[in-house]
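These are the residues of each chain, in order.
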Amino acid sequence: MPKIRNLEIKGFRAYGAQVQSLQFGGPMAVIWAPNSQGKTSLAEAIEFLLTGKTVRREMVASAKREFAEALRNARLPQGEEIFVAAQVEDTQGHTHRVERRLVRDYTGRDPCQSDLKVDGKPADDLQAIGIRLSQPPLEAPVLMPHTLRYVVSTEPQKRSEYFKALLEVSDLEEIRDAIAQARNRLAEPVSEVSALYERCRSHPTFGSDLASLESVQPTREAVEEALREALARVLADHGDVPDGFDARLAAAKDLLGHQRARTFPMDDIPPRNHPSWGVRPEVQPTLEAFLRAKGAVDKEVARLLRLFQEVLNLPEIASAKEAVDCPICETPQALTPERVRVIREKVETNAQFASHRQEANRVLNNLRTVAQNAIREAKAACPSAMSWQEQDWSRHKQALEELLADRAEAVVPPWEEALAGLKQARESVQEKANALQVMLDSLRLEDLDEAKIEKLNQKVTQLFHAAEQFDKALDSYQNAIEPFVVTLKQEVDRRSGTEGWQDVIDLCESRESLLDWFIERAAYRAVHHDVDEAIREIDRAKAKVLDDKFSELGQEILRWWNLLRPDELTSFHGVERGGTGRRFVDLKARLGHPGAADSQGVLRDAVAVFSDSQLNCLGLAAFLARGVREGTGFVVLDDPVPASDEEHRAFFIDRVLAELNHSGIQVILLTHDERMWKDVQERYKHLDLDTFIMSLHDPAKGAIIENRSDTLDAMLARAAPYVSNPNPDIRKIGAQRLRDAAERFCKLKLVEKRQNKGDLSAAVSDYDGKTLGQLIPDVEPLLTKDSSHPAKLRVVGRRLNPGSHDHQVPPPGDLKQCLGDLKTLRKEYLP
């Protein structure tokens, strides 16, 4: 598990421009300071190093703006960098430098920004060196007063999410939610026929026949049989009903048309089809190519073209490399290679002209076809109502007013206007097509020139523009008649007794789409059922997993609870899910009574019955259980035992810290309680304990950390300021501290010797009571790296021993030399 071996802080919160450094050599460090001297700033510095933020902004500030500019020391000079760095020892014993620099402080709205580097290289997190953060918001293994009671005071939903993520069962929840979300996204298939089917299914005459499809497997036979029966009900009161499906459908169409026509000629309103104008032919390129070919034609060559072709086909001419006799006039050597080449070029030019003429004729014929088709297509697309005679209009207009009454004013005029626009567009197409035909009829290829080509192209452009305008007019007409036709059909069908007939006819004509929709819907419902069952299975499995996981975690929390508060009548019982566990996780307390067994007592929610002291204890127990569960290599505890709970101080010191040490977890303990600070030092004197004092005398300089550890480096550092002082009383203190340091050096070498021989129980405390004079003879044989080293140690002993009695205090030079020699020996002989 990873351990922090060194910590450096500059400019962060209570710390100033001078870098403060802490060395952590052993498994435990205790830091004492009165309140408001920088303890929490140190804890938050470690949190910032690991996570890039401080959780206090999320948990304490009532508004984000209250935390603006909170990470940079307010008194820090501009331009000074703010960073937290650490030497971290990974599981393999390798040391890495981790450094995070503040790029931008918190603002009133935005989070802070920072750069993280591991061994000088940018990094996103610390997983590569074995540091894996926990679940938010308590991601870092840092417990502070404002996070002590998070798990017992946060709202139920967040507590549930925290515990499930902590127990690594969130993946089940995520899978369940993903499946549920996928199910919600899986919309029931909708087809063009689905609304039509629903209308038909609710029809009083034939709806029951179609409703039968809801309870059968969707097959073509079932769909056609249901539709066939529905058609039979439509035809039942109007003569014989044919047997076959197609015959019934045709009869229903005829009957509907007949019934409607008796009331109003509905079929005259919609457009009959959409015109297909075809692709506009390219006129200019082909005709201009013909003009160019025409200009290159030699009339004399054209007259003799066949003759020239026959000459060139003769093998002796085609392959001749020198002049040959003319095979026609027998002129000697008349056909030179150059003359043959010229003849061949003229023949080829005339052949190209013939091809261009043929292509030009094709274009002109194609244009005649285009003009004829345009007139025919435009006429065929228009509704029959456009051909009504004046008496027809008068009669049908009167019928519309009678049928639609007050609704006629809203739908009839837009239809009439759109019909007039469509008629005008058709006439424009006819006019432009006729103009093109007239020009084509009067045009001969022999008279073709560039001006005629340009004029012809304009005629084609005008025709296709008119066709485009006709399409727009037709679309406008289609849009205009939709409300008109819907309103008219409703009234016509109501008066003719044919309501719903068109729907069932349309449904019959769309029976393939209806069958496809039924099949898709059946598949959807089957999948939906399977997904619902899968979600229920996941919920059952999740509940079982939660019960098992919560039981394990509850036992771990209970273990730490019993270390902190043994033999109490009201105690922690366990972690349980509330309901399915999706929203609620309950922390249960057991209310016992004297003489009762541990399994007896009444269970209640701990939040409701625990005192403040007990809730604090529960928060600490839950935090420590999390650390053990996740294999955290270190924990930072900032005043974990509040002043109001000092009766449990001894349990924390003697039992909890001992168990953390036994579990291999490095402890960095910060406390304002001087008694706890001293008790921890005494209780764990046998460990390589690191102790520090923190003070904040000058806010401009920031918090200062002083190493008070009983280590050789610390002892030498504490002696250094006294050795050069001219005051004998002060130098005497320096001499005493150097003598203590020399004794520690000797003890450490003797312990190292025993441990190298296999005595792993050897400890510095084994030599308590021995003086420096007694230790030096045993250590001298171990100083083998340089022949002068044993003598240096003897001289150190002689110079320092008088400093502890009433003899004359050693002069500054002696003390400075002793300090230098001890530093040399420590560097050479101790790791």
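Residues numbered from 1 in each chain as written. Predicted model: local features only at pLDDT ≥ 70, side-chain atom pairs only at ≥ 80, totals over all residues. Heavy atoms only, no water.

**A closer look at the side chain of S695**
Line of reasoning, step 1. Along the chain, the position of S695 falls in strand β14 (residues 690–695).
Line of reasoning, step 2. S695 sits in the buried class, given a relative accessible area of 17%.
Line of reasoning, step 3. Excluding anything up to four places from it in sequence, S695 contacts Q37, G702, A703 and I704. (Helix = DSSP H or I, 4+ residues; strand = E, 2+ residues; numbered from the N terminus. Buried < 20%, exposed > 50% of the residue type's maximum accessible area, 1.4 Å probe, protein only. Contact = heavy atoms within 4.5 Å.)

**Details of the environment of P270**
Line of reasoning, step 1. If you trace the backbone, P270 turns up in the loop between α9 (245–263) and α10 (284–295).
Line of reasoning, step 2. Discounting residues that sit within four places of it in the chain, P270 has contacts with P383 and I481.

**A closer look at the packing of helix α19 (residues 511–564) against helix α21 (residues 612–629)**
When two helices pack together, you describe them by how their axes are tilted relative to each other and by the distance separating the axes.
Line of reasoning, step 1. Their axes nearest at 8 Å, the elements α19 and α21 cross at an angle of 120°. Regarding the angle of α19 to α21, the classification is oblique. At the point where α19 passes α21, the crossing takes the right-handed sense. Residue-level contacts link K549, E552, L553, E556, I557, R559, W560, W561 and L564 of α19 to Q614, C617, L618, L620, A621, A622, L624, A625, V628 and R629 of α21. (Axes fitted to C-alpha atoms, helices over the stretch in contact; angles between N-to-C directions. Parallel < 35°, antiparallel > 145°, perpendicular 65-115°, else oblique. Left-handed = near helix turned anticlockwise from the far one by under 90°.)

**Let's talk about the sheet that holds strand β4 (residues 83–89)**
Line of reasoning, step 1. A sheet is described by the order of its strands in space; here 6 strands give the open sequence β2-β1-β4-β5-β6-β7, paired in antiparallel fashion. Two strands in the sheet have a free side with no partner beyond their single neighbour: β2 (20–23) and β7 (121–122).
Line of reasoning, step 2. Relative to the sheet, helix α1 (residues 39–51) contacts β1 (3–10), β2, β4, β5 (95–104) and β6 (113–118), its axis offset from that of β5 by approximately 95°. (Pairing = 2+ DSSP bridges.)

**Re the pattern of salt bridges**
When charged atoms on two side chains of opposite charge get close, those side chains can pair.
Line of reasoning, step 1. Evaluated as defined, the whole model comprises 55 salt bridges.
Line of reasoning, step 2. The residue E537 makes a salt bridge to R540 at a minimum N-O spacing of 2.4 Å. On the criterion of helical spacing, the pair formed by E537 and R540 is a turn pair, its members being 3 residues apart in helix α19.
Line of reasoning, step 3. Judged by its relative accessible area of 42%, E537 is partly exposed.
Line of reasoning, step 4. E659 is the salt-bridge partner of R559, the closest N and O atoms lying 2.7 Å from each other. A residue pair is termed long-range when its members are at least 10 positions apart, and R559 in helix α19 and E659 in helix α22 (residues 649–662) qualify at 100 residues.
Line of reasoning, step 5. Owing to a relative accessible area of 30%, R559 belongs among the partly exposed residues under this scheme.
Line of reasoning, step 6. Among the charged side chains, a salt-bridge network with shared partners connects E188, E198, R201, E214, R521 and R525. (Salt bridge = Lys/Arg side-chain N within 4 Å of Asp/Glu carboxyl O.)

**Some details on the side chain of T51**
Line of reasoning, step 1. Mapping T51 onto the fold places it in helix α1.
Line of reasoning, step 2. Excluding residues within four positions of it along the chain, T51 makes contact with R100, L133, E139 and A140.

**So, the packing of helix α8 (residues 220–235) against helix α18 (residues 501–509)**
Line of reasoning, step 1. Where α8 meets α18, the closest approach of the two axes is 10 Å, and the angle between their N-to-C directions is 150°. Between α8 and α18, the angle falls in the class roughly antiparallel. Crossing handedness for the pair α8 and α18: left-handed. Here L227, A230, L231 and V234 of α8 come into contact with α18, specifically with W501, V504, L507 and C508.

**Considerations on the confidence of the model for the protein chain**
In low-pLDDT regions, the fine details of the predicted coordinates are not to be read closely.
Line of reasoning, step 1. Averaged over all residues, the pLDDT of the protein chain is 85; the fraction at 70 or higher stands at 88%.
Line of reasoning, step 2. Residue range residues 300–305 is modelled with pLDDT below 50. Its contacts to residues more than four positions away, or to other chains, number 7 contacts. (pLDDT = per-residue confidence, 0-100.)

**Quick word on helix α23 (residues 674–683)**
Line of reasoning, step 1. Listing the buried residues of α23 in full gives M676, W677 and V680. Down the axis of α23, the sector holding all buried residues measures 105°, keeping them to one side. More than 90 degrees from the buried face of α23, the exposed residues found are R675 and E682.
Line of reasoning, step 2. Buried positions along α23 lie against β3 (28–32), α22, β13 (666–671) and β14.
Line of reasoning, step 3. Capping the start of α23, D673 holds a side-chain oxygen 3.0 Å from the backbone nitrogen of R675, two or three residues further along. (Arc of directions from axis to C-beta. Polar contact = N/O pair within 3.5 Å; in protein donor to acceptor, adjacent residues only side chain to side chain.)

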